[in-house]
Amino acid sequence: MTVLEASDTVGGKLALGAVDGVAVELGAESVLARRPEAVRLAERVGLATDVVHPVATGALLWTRGRLRRLPRGQLMGIPVDLRELAAAEILSLRGLARIPLDSVLPGTDFAGDRSLGAYVASRVGREVVDRLVEPLLGGVYAGHADDLSLDAVLPQLAGAVRVERSLLRGARRVSGESTTSVSVFAGVRGGLGRLPAAVAEASGATVLTRQTVRSVEALDTGWRVVAGSTRSPRPLHADAVVLAVPAVPAARLLDEVAGRAADELRAIPYASVAIVTLLVPRSAVPDLPSGTGLLVPPIDGRLVKATTFSSQKWGWTGAEDPGVHVIRASVGRYGEEQALQLDDDDLILAVLAELAVALGWPADVRPRASMVTRWGGALPQYLVGHLDRVARIRTDLQSAPGLVVCGAAYDGVGIPACIASGEAAAGQVLRLLGARRQWGHGFTNSGTRSGLAGDGS
């Protein structure tokens, strides 16, 4: 197998870096452990003993002027335990009083997919969406609840509320089904950025970096892939091709092969985000609030949408220098990328000003070192009707046997979901090649080579 990678290294948004000698994650820093794919893959490639879970638990919500404890009894912000929610004092009395109406309202007519935000608001009130659902979704999709698809973002809940008339009963049902002793999140000691390199080494694949794929052409006996620069193109022949790239470059490569799929892919929007990593001296800020970090509802009009207390959350982060807190702040939501136009210095100062207010720091606190990592077009937005769009893409690709797609644009943006998408694509290719071997035709001169074009999506 040959992997063509457009960037300098494999991994994409799973990336490691260093700030003043302290190792840090530059992209995603945890996986949902209740989905098995990521942890299972880490174990398969020799990282079993390095799979770790947070040493701190619980998150905070910065809303209505102060920090409040995020209630444990919730499903992506949808309340499951109303007593816990009331004790957290996140909602107003009016907002709390609105929630029980869900139990007496008539059932929702589900003729098709619906907006997650609009549906939740219709059942339990707008305040639940604004103060709870939005900040949790923002951390995953960098999007807005009113735009996102209920069926694509919360498929288990979408199924449950089509059986249960009440949203709260549906949420409790899903929460009960997912009860497990396994920690919700997991990481890798030294950083999730270690995982892609371990996978590449264990796979035995030939990985060619700095090889942007420029075209994919169907042949009678497979596929012709052209990579490299325009001045020095590099043609390869393959029996099958997997496109593990974001929607827009996938559309460009599919224009001449599967035009309808290309058009559908262009209609998937993306959000851009930035990660601001800070090393804050403990001499200036002795203690952080207990927990893993804080979330910020967009209704509060802040720049920062989420902050992770990395050295407090993970035992390995910042071990090189116990004299600093390692803190990551996330900035940027879909349609609100103007904040990302700030240069690095101004962005860092703006983040520091907000954290000083949220955490009660002295206004003159400055990090010992800092870094801004920008991820342009990082997160696909699963708009209402997303699953139907993905089905149309895959239907059109049936006319191009041996060409499959995978990645965050299709079946989930989380790391386990992306791994599952890649595994499904690989299975599809292997079944195709197995059928060709059985019938004894359809091979290129290269034998059973398959190609994968990717950029970490």
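Each residue is numbered by its place in its chain's sequence as written, counting from 1. Residue-level local features of this predicted model are given only where pLDDT is at least 70; pairs of side-chain atoms are given and counted only at 80 or more, and the full residue set underlies all totals for whole chains, interfaces and linings. Excluding hydrogens and water, the side-chain figures rest on all heavy atoms present in the structure.

Novice: Can you tell me about the packing of aromatic side chains, naming the residues and giving the values?
Specialist: Two rings belonging to Phe, Tyr or Trp (six-membered ring only in the last case) form a pair when the distance between their centres is within 6.5 Å. Interplanar angles under 30 degrees mark stacking, angles over 60 mark edge-to-face geometry, and anything in between is tilted. Applying the stated criterion to the full structure yields two aromatic pairs. Its guanidinium or amino end placed over the ring of Phe110, Arg114 lies 5.9 Å from that ring's centre, counting from NZ or CZ. Here, a charge over a ring means that NZ of Lys or CZ of Arg falls within 6 Å of the ring centre while also lying within 35 degrees of the ring normal. Residue placement shows Lys313 over the ring face of Phe185; its charged tip is 5.5 Å from the ring centre.

Novice: Outline the pattern of salt bridges, listing residues and values.
Specialist: Should a side-chain nitrogen of Lys or Arg be within 4 Å of a carboxyl oxygen of Asp or Glu, the pair is scored as a salt bridge. Under the criterion given, the structure shown has 24 salt bridges. Here Arg66 makes a salt bridge to Glu89, at a shortest N to O gap of 2.6 Å. Of this pair, Arg66 sits in strand S7 (residues 66-69) while Glu89 sits in the loop between helix H2 (82-88) and helix H3 (93-98); the two residues are 23 residues apart in sequence, bridging distant segments of the chain. Residue classification places Glu89 among the partly exposed residues on the basis of a relative accessible area of 43%. Between Glu164 and Arg173 there is a salt bridge; the shortest N-O distance is 3.7 Å. Only protein chains enter the area calculation, which uses a 1.4 Å probe; residues under 20% of their type maximum are buried, those over 50% are exposed, and those in between are partly exposed. Residue Glu164 is classed as partly exposed on the basis of its relative accessible area of 22%. Linked through salt bridges whose partners overlap, the residues forming this network are Asp20, Asp321 and Arg368. The helix and strand labels rest on DSSP assignments: H or I over at least four residues marks a helix, E over at least two residues marks a strand, and numbering proceeds from the N terminus.

Novice: Can you break down the environment of Trp223 residue by residue, with the values?
Specialist: As for its position among the elements, Trp223 is in strand S13 (residues 222-228). Sequence-wise, Trp223 and Leu403 are 180 residues apart; in three dimensions their C-alpha atoms are separated by 8.5 Å. Under the rule applied, a polar contact is a pair of N or O atoms within 3.5 Å (in protein, one hydrogen donor and one hydrogen acceptor; residues adjacent in sequence only if both atoms are side-chain atoms). A distance of 3.5 Å separates the side chain of Trp223 from the backbone oxygen of Pro401, its partner in a polar contact.

Novice: How would you summarise the side chain of Ser421 if you had to cite specific residues and measurements?
Specialist: Here Ser421 shows up in helix H15 (residues 415-439). Ser421 gets classed as buried once you look at its relative accessible area, which sits at 5%.

Novice: Explain the confidence of the model for the protein chain to me, and be specific about the residues and the numbers.
Specialist: For the protein chain, per-residue confidence averages 92 on the pLDDT scale, and 94% of positions sit at 70 or higher. Under a pLDDT of 50 for its full length, residues 440-449 has, in the predicted model, 24 contacts with residues more than four places off or in other chains. Each residue carries a pLDDT value, the predictor's own confidence for that position, ranging from 0 to 100. Contacts are assigned to residue pairs with any non-hydrogen atoms lying within 4.5 Å of each other.

Novice: How would you explain helix H11 (residues 259-266) if you had to name every residue and give the values?
Specialist: Those residues of H11 that sit buried are Ala261, Ala262, Glu264 and Leu265. Projection of H11 onto a plane perpendicular to its axis shows the buried side chains occupying an angular sector of 165°, all on one side. The exposed residues of H11 that point more than 90 degrees off its buried face are Arg260 and Asp263. Where the residues of H11 are buried, they touch helix H10 (247-254) and helix H14 (386-397). Arc definition: it is the arc formed by the directions from the helix axis to the C-beta atoms.

Novice: Describe the nonpolar core, naming the residues involved and giving the relevant values.
Specialist: As used here, the term nonpolar core means buried Ala, Val, Leu, Ile, Met, Phe, Trp, Tyr and Cys residues forming a set that is joined through side-chain atoms within 4.5 Å. Of all hydrophobic cores here, the largest spans 42 residues; its most connected members are Val120 and Leu157. Listing elements by their share of this core, those giving two or more residues are H2, helix H4 (116-124), helix H5 (126-141), helix H6 (150-153), helix H7 (155-161) and helix H8 (167-177). Of the residues forming this core, the biggest block, seven residues, is contributed by H5. Counting residues in hydrophobic clusters, the runner-up holds 32 residues, among them Leu243, Val245, Leu253 and Ala400.

Novice: So, the sheet that holds S13: which residues are in play, and what are the values?
Specialist: At least two DSSP bridges between two strands are needed for those strands to be called paired. A sheet is described by the order of its strands in space; here three strands give the open sequence S12-S13-S14, paired in antiparallel fashion. What marks the edges here is a single partner per strand, and that holds for strand S12 (213-219) and strand S14 (233-238). Recorded for the sheet is a direction-independent mean angle of 20° between the axes of neighbouring strands. Bridge count between S12 and S13: six bridges; the pairing is antiparallel. Residue Val216 lies in a different strand from S13, and its bridge partner there is Val225. Helix axes are fitted to C-alpha atoms over the stretch in contact, other axes to C-alpha atoms as well, and angles between N-to-C directions run from 0 to 180 degrees.

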